[in-house]
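# Understanding the architecture of this molecule
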Amino acid sequence: RRAACFARSATSSGRCLQSFPRKLCSAAAPLRTCEELLEENVGSDFAVEADELVMDAAVIFANQDVGSLIVRKRDTWIGTISKRDIITFCVVRGADAEEYYIEDAFTPRDEITVVRPESTLEEAVATMLTNGDNEVVVEVDGNASKILSARDLAEALVSPSNSST
């Protein structure tokens, strides 16, 4: 048997696309931080204002490859809105996305998993999993800088650092 750790990315059909050797998931490698991902422009920094319509957020989701947006109110981040928030609000509750505002449907800041830039990727993943979330918000000086998804973190953990090449 091979004593190796393999991380695999799969298509929807379940076929293996890539296998990453143990050296890329080894604890011996230097721990990367969320700040490094910010410097590599990983994650989403799309934002909306709380007084915009839910439909405005839905349009961004339709046009961009993101799952959540930072919600701001007068230059202060107050939470996030996700595709799931919109589905729950509009479909399950029957609300009209063209009549309700983001502040009616978003997830407030105190219910969001937040990490600092100096947090390691492993810490971010552990915090995200502990809280049962699919993403973390990286907060810099009290402001939401970016949203890192589980996919962003997984790809960074199994890929070599862009900054070391």
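Residues numbered from 1 in each chain as written. Predicted model: local features only at pLDDT ≥ 70, side-chain atom pairs only at ≥ 80, totals over all residues. Heavy atoms only, no water.

## With respect to the sheet that holds strand S6 (residues 107–108)
- With respect to topology, four strands assemble into an open sheet ordered S3-S4-S5-S6, the strand pairing being mixed. Two strands lie at the open edges of the sheet, namely strand S3 (47–49) and S6, each paired on one side alone.
- Both S3 and strand S4 (residues 68–73) contribute to a ladder of three bridges, which runs parallel. The partner of Val 48 across the bridge, within S4, is Val 71. (Pairing = 2+ DSSP bridges. Helix = DSSP H or I, 4+ residues; strand = E, 2+ residues; numbered from the N terminus.)

## With respect to the sheet that holds strand S9 (residues 143–149)
- Reading across from one edge, S7-S8-S9 is the order of the three strands in this open sheet, with mixed pairing throughout. Each end of this open sheet is capped by a strand with a single partner; those strands are strand S7 (114–115) and S9.
- Direction of pairing for strand S8 (residues 135–140) relative to S9: antiparallel, over a ladder of six bridges. Considered in S9, the bridge of Glu 139 is made with Ala 144.
- This element, helix H6 (residues 150–158), spans S8 and S9 of the sheet and lies at about 70 degrees to S9. (Contact = heavy atoms within 4.5 Å. Axes fitted to C-alpha atoms, helices over the stretch in contact; angles between N-to-C directions.)

## Brief notes about the environment of Val 140
- Position of Val 140 among the secondary structure elements: in strand S8.
- The class of Val 140 is partly exposed, set by a relative accessible area of 29%.
- Taking the C-alpha atoms as reference points, Val 140 and Val 115, 25 residues apart in sequence, are found 9.0 Å from one another.
- When residues no more than four places from it in sequence are discounted, the contact partners of Val 140 are Leu 38, Pro 117 and Ser 145. (Buried < 20%, exposed > 50% of the residue type's maximum accessible area, 1.4 Å probe, protein only.)

## Considering the pattern of salt bridges
- Scanning the entire structure with this criterion turns up six salt bridges.
- For Glu 36, the salt bridge goes to Arg 32, with nearest N and O atoms at 3.7 Å.
- For Arg 32, a relative accessible area of 11% translates into the label buried.
- One salt-bridge network, held together by shared partners, links Arg 32, Glu 36 and Glu 40. (Salt bridge = Lys/Arg side-chain N within 4 Å of Asp/Glu carboxyl O.)

## Quick word on the nonpolar core
- Within the largest apolar cluster, 17 residues are counted, with the highest numbers of intra-cluster contacts made by Val 54, Ala 57, Leu 69, Val 71, Ile 81, Ile 86 and Ile 102.
- Counting only elements with at least two residues in this core, the list comes to helix H3 (54–63), S4 and helix H4 (83–92).
- The residues contacting Val 71, other than those within four sequence positions of it, are Val 48, Ala 50, Thr 76, Trp 77, Ile 78, Gly 79, Thr 80, Ile 81, Ile 102 and Phe 106. (Core = buried A, V, L, I, M, F, W, Y, C linked by side-chain atoms within 4.5 Å.)

## Focus: the packing of H3 against H4
- In contact at an axis separation of 10 Å, H3 and H4 are set at 135 degrees when each is read in the N-to-C sense. Classed by the angle they form, the pair H3 and H4 counts as oblique. By crossing handedness, the relation of H3 to H4 is classed as left-handed. The segment H3 lies against H4, with Val 54, Ala 57, Ala 58 and Phe 61 engaging Lys 83, Ile 86, Phe 89 and Cys 90.
- Looking at the contact of H3 with H4 residue by residue, the classes come out as seven nonpolar, no polar and one charged. (Parallel < 35°, antiparallel > 145°, perpendicular 65-115°, else oblique. Left-handed = near helix turned anticlockwise from the far one by under 90°. Nonpolar A, V, L, I, M, F, W, Y, C, P; charged D, E, K, R; others polar.)

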